[in-house]
Amino acid sequence: VQLQASGGGLVQAGGSLRLSCTASGSIFGVNAMGWYRPPPGKQRELVAAITSSGTTDYGDSVKGRFTISRDNAKNTVYLQMNNLRPEDTGVYYCYANIATPWESDYWGQGTLVTVSS
C-alpha cells in the first residue's frame, strides 16, 4: 500500500492551494484519512481529518479556511486551503487507516507548502 501526495507549492499570503493524496495497492477498504503537519519544534499536529462516512475534524488554526474532502471511489483525500498565511508553511503529510484486510496506519511522503508574506 502506498500513499502518494501532490499539490504543494509556493503561494502568496491570501492565496489558495489544493493538496491531493491517493492510496493504492491491495486495499480492502479505507477508513479515516487526513493531513498532518509538524510545526517547527513541535510534534505532528492535525490539520484536518475525514472519516469514511464524511465526518470531518480540523485543527483550530485552519478552521474556516481549509476544507477536507474525499472521493471513496478513487481512495483519494483532498485538502482545499484558502486564505493561506505564512504560518501555514510546512510539510504536509497525508495519512490513512487502511484495511488490507488488517487495519494499519499509512503515511505519505509529505508535500511542501510555502506561503510568502
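Before going into details, it helps to say that this report is about the structure given with it. (Residues numbered from 1 in each chain as written. Predicted model: local features only at pLDDT ≥ 70, side-chain atom pairs only at ≥ 80, totals over all residues. Heavy atoms only, no water.)

## Describing the state of the cysteines
Thought 1: Evaluation of the coordinates by the stated rule reveals one disulfide.
Thought 2: A sulfur-sulfur separation of 2.1 Å characterises the disulfide bridge that pairs Cys 21 with Cys 94. As the torsion about the S-S bond is roughly 45°, the Cys 21-Cys 94 disulfide counts as right-handed. Residue Cys 21 is located in strand 3 (residues 17-24), and its partner Cys 94 is located in strand 9 (residues 90-99); the two are separated by 73 residues in the primary sequence.
Thought 3: Using a relative accessible area of 0% as the deciding quantity, one classes Cys 94 as buried. (Disulfide = S-S within 2.5 Å. Helix = DSSP H or I, 4+ residues; strand = E, 2+ residues; numbered from the N terminus. Buried < 20%, exposed > 50% of the residue type's maximum accessible area, 1.4 Å probe, protein only.)

## A short note on the sheet that holds strand 1 (residues 2-6)
Thought 1: Judged by pairing direction, the sheet is antiparallel, and its four strands sit side by side in the order 1-3-8-7 without closing on themselves. Every other strand in the sheet has two partners, leaving strand 1 and strand 7 (66-71) as the edge strands with one partner each. Recorded for the sheet is a direction-independent mean angle of 15° between the axes of neighbouring strands.
Thought 2: As paired strands, strand 3 and strand 8 (residues 76-81) are joined by six bridges and run antiparallel to one another. Looking at strand 8, one finds that Ser 20 is bridged to Tyr 78. (Pairing = 2+ DSSP bridges. Axes fitted to C-alpha atoms, helices over the stretch in contact; angles between N-to-C directions.)

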